[in-house]
Amino acid sequence: MIKTIIALASLSLCAFSQQTELERQRLFKTPDPASLGPGLINENKEVFLYNESLLEEEKAGYSETFYTGTDRNRFSLGYHFSVNYQDFTELSSLEILFSRELKTFTETWISLLLKRTTGKYEALAEEIESSNNSVLRNGTDQTFTTVGFGVGYRFKALARSLESSRFFETVDAFLTYNSHIDGADSETYQGFGLQTDYGLHYRSAESFFYGTKLSYNISSLARSAKDEEKLEDRSLVFGWLSLGFEMGYYY
């Protein structure tokens, strides 16, 4: 009986010490959630579950709990199309995205982007008759190859109203470099741009997720000068909004 009491007292002291240590660390630095069990994470929801979740997954007949706050890398594939409900196919994009969380900045992610976009000129820009020797581009095919580097954030805002701990949101902003082939004059244009994304995703498994993404792209491009052309005579500006589906996994 005495041994039982001593054992229970030891366990209680151990649990108290662990909780005390957690509280002490929280005053200076949030502890690594990978070192904590589900119980301590649940007891400190305001720290660990504000933008993250404890989820359960069935594996081989038993339930296993995993914490999304231990995600470190993300890989995803996306397909985008026009937001024009009259013609969704007037533009399309295939996108590959690799992201990594910065451990020193909670929930901040850096990302590399590779994207291929094709579409009609009128879906990507407005016709400007005075640009590029008055070449008319409406109805012509335009092709972009885009490489980007960006910073993003994963959070829950709208997701909280969905009453499911499996929904997450992301926002990202990318500085892009674009290589563009103009279907009107067969010239290659190059230049920098910006891309901003908002995503709403569902975490269906420990690693796998899928969802939707809204993306805005803008870029200012130019081709090589011929003779003494001015920059405005060999430049094109593009800007478009697209809606996409995305799926990928965390690891």
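Regarding the side chain of Ser-111
Mapped onto the fold, Ser-111 is located in strand β5 (residues 108-120). Engagement of the side chain of Ser-111 in a polar contact is seen with the side chain of Ser-99, the distance being 2.6 Å. When residues no more than four places from it in sequence are discounted, the contact partners of Ser-111 are Arg-74, Leu-97, Phe-98, Ser-99, Gly-148, Phe-149, Gly-150, Asp-172 and Phe-174.

Considerations on the confidence of the model for the protein chain
Low-pLDDT stretches of the model should not have their predicted coordinates read in fine detail. Averaged over the protein chain, the pLDDT score is 83; the fraction of residues at 70 or greater is 76%. Ignoring residues within four places in sequence, the model shows residues 2-17, a span with pLDDT below 50, making zero contacts including any to other chains. Segment residues 24-28 is flagged for pLDDT under 50; beyond a separation of four residues in sequence, or across chains, it makes six contacts in the model.

Overview of the environment of Ser-215
Topologically, Ser-215 is positioned in strand β9 (residues 208-222). For the pair Ser-215 and His-80, spaced 135 residues apart in sequence, the C-alpha separation works out to 8.4 Å. The contacts of Ser-215, once residues within four sequence positions are left out, are His-80, Lys-115, Gln-195, Thr-196, Asp-197, Trp-240, Leu-241 and Ser-242. A distance of 2.8 Å separates a polar atom in the side chain of Ser-215 from a polar atom in the side chain of Asp-197. Here Asn-217 takes part through its side chain, which lies 3.3 Å from a polar atom of the side chain of Ser-215.

Here's the deal with the pairing of β5
Here eleven bridges tie strand β4 (residues 91-101) to β5, and the two strands are oriented antiparallel to one another. Residue pairing in the sheet places Leu-94 in a bridge with Arg-116 of β5. Pairing geometry for β5 and strand β6 (residues 141-155), over 13 bridges, is antiparallel. Residue pairing in the sheet places Leu-112 in a bridge with Phe-149 of β6.

A closer look at the sheet that holds strand β10 (residues 235-250)
Strand order in the closed barrel formed by eight strands is β3-β4-β5-β6-β7-β8-β9-β10, with antiparallel pairing between adjacent strands. Within this sheet the neighbouring strands show an average axis-to-axis angle of 25°, counted without direction.

Considerations on the nonpolar core
Residues Leu-91, Tyr-121, Ala-123, Leu-124, Ala-125, Phe-144, Tyr-189, Leu-221, Leu-236, Phe-238 and Trp-240 constitute the largest nonpolar core, which totals eleven residues. Breaking this core down by element, the ones donating at least two residues are α4 (121-124) and β10. Setting aside residues up to four positions removed in sequence, Leu-91 forms contacts with His-80, Phe-81, Ser-82, Thr-118, Gly-119, Ala-123, Leu-124, Trp-240 and Ser-242.

Re a nonpolar patch on the surface
Nonpolar side chains collect at one region of the surface, where Val-83, Leu-175, Tyr-177, Phe-192, Leu-194, Leu-214, Tyr-216, Ile-218, Val-237, Leu-241 and Leu-243 lie side by side and expose about 970 Å² of accessible area between them. When contributions to the nonpolar patch are tallied by element, the ones reaching two or more residues are β7 (167-182), β8 (188-203), β9 and β10. Topologically, Val-237 is positioned in strand β10. Judged by its relative accessible area of 53%, Val-237 falls in the exposed class.

Concerning the packing of aromatic side chains
Using the criterion set out here, one finds 15 aromatic pairs in the structure. Taken together, a centroid distance of 5.8 Å and an interplanar angle of 50° make the contact between Tyr-202 and Tyr-210 tilted. Taking the relative accessible area as the measure of exposure, Tyr-202 reaches 26% and is therefore partly exposed. Members of the aromatic cluster, each reached through a chain of ring pairs, are Tyr-79, Phe-81, Phe-88 and Phe-245. Its guanidinium or amino end placed over the ring of Phe-168, Arg-154 lies 5.1 Å from that ring's centre, counting from NZ or CZ. Geometry around Tyr-250 places Arg-154 over its ring, the cationic atom sitting 4.9 Å from the centre.

Criteria and thresholds
Note on numbering: residues in each chain are counted from 1, in written sequence order. Per-residue local features of the predicted model are confined to residues with pLDDT of at least 70, and side-chain atom pairs are confined, for both listing and counting, to 80 or more; whole-chain, interface and lining totals are unaffected and use all residues. Side-chain measures here rest on the full set of heavy atoms in the structure, leaving out hydrogens and waters. Counting from the N terminus, the helices are DSSP H or I runs at least four residues long and the strands are E runs at least two residues long. Here a polar contact means two N or O atoms within 3.5 Å. Within protein one must be a hydrogen donor candidate and the other an acceptor candidate, and residues neighboring in sequence count only if both atoms are side-chain atoms. Here a residue-residue contact requires only that any non-hydrogen atoms of the pair lie within 4.5 Å. Known as pLDDT, the predictor's confidence for each residue is given on a scale from 0 to 100. The pairing criterion is simple: DSSP has to find at least two bridges between the two strands. Only the stretch in contact is used when fitting a helix axis, every axis being a line fitted to C-alpha atoms; angles between N-to-C directions are given from 0 to 180 degrees. For our purposes a nonpolar core is just a set of buried Ala, Val, Leu, Ile, Met, Phe, Trp, Tyr and Cys residues, chained together by side-chain atoms within 4.5 Å. Buried means the residue's accessible area, taken with a 1.4 Å probe over protein chains only, is under 20% of the maximum for its type, while exposed means over 50%, and partly exposed covers the values in between. Residues qualify for a patch when their relative accessible area is over 30% and they have no salt bridge, like charges being joined within 9 Å and the nonpolar side chains of Val, Leu, Ile, Met, Phe, Trp and Tyr within 5 Å. Exposure was quantified through the Shrake-Rupley algorithm and a 1.4 Å probe, taking into account, for residues, occlusion by the shown protein chains and nothing else. Any carboxyl oxygen of Asp or Glu within 4 Å of a side-chain nitrogen of Lys or Arg constitutes a salt bridge here. Pairing of aromatic rings covers Phe, Tyr and Trp, the last counted by its six-membered ring, and requires centre-to-centre distances within 6.5 Å; plane angles under 30 degrees mean stacked, over 60 mean edge-to-face, and any other angle means tilted. When the NZ atom of lysine or the CZ atom of arginine is within 6 Å of a ring's centre and also within 35 degrees of its normal, the charge is said to sit over that ring.

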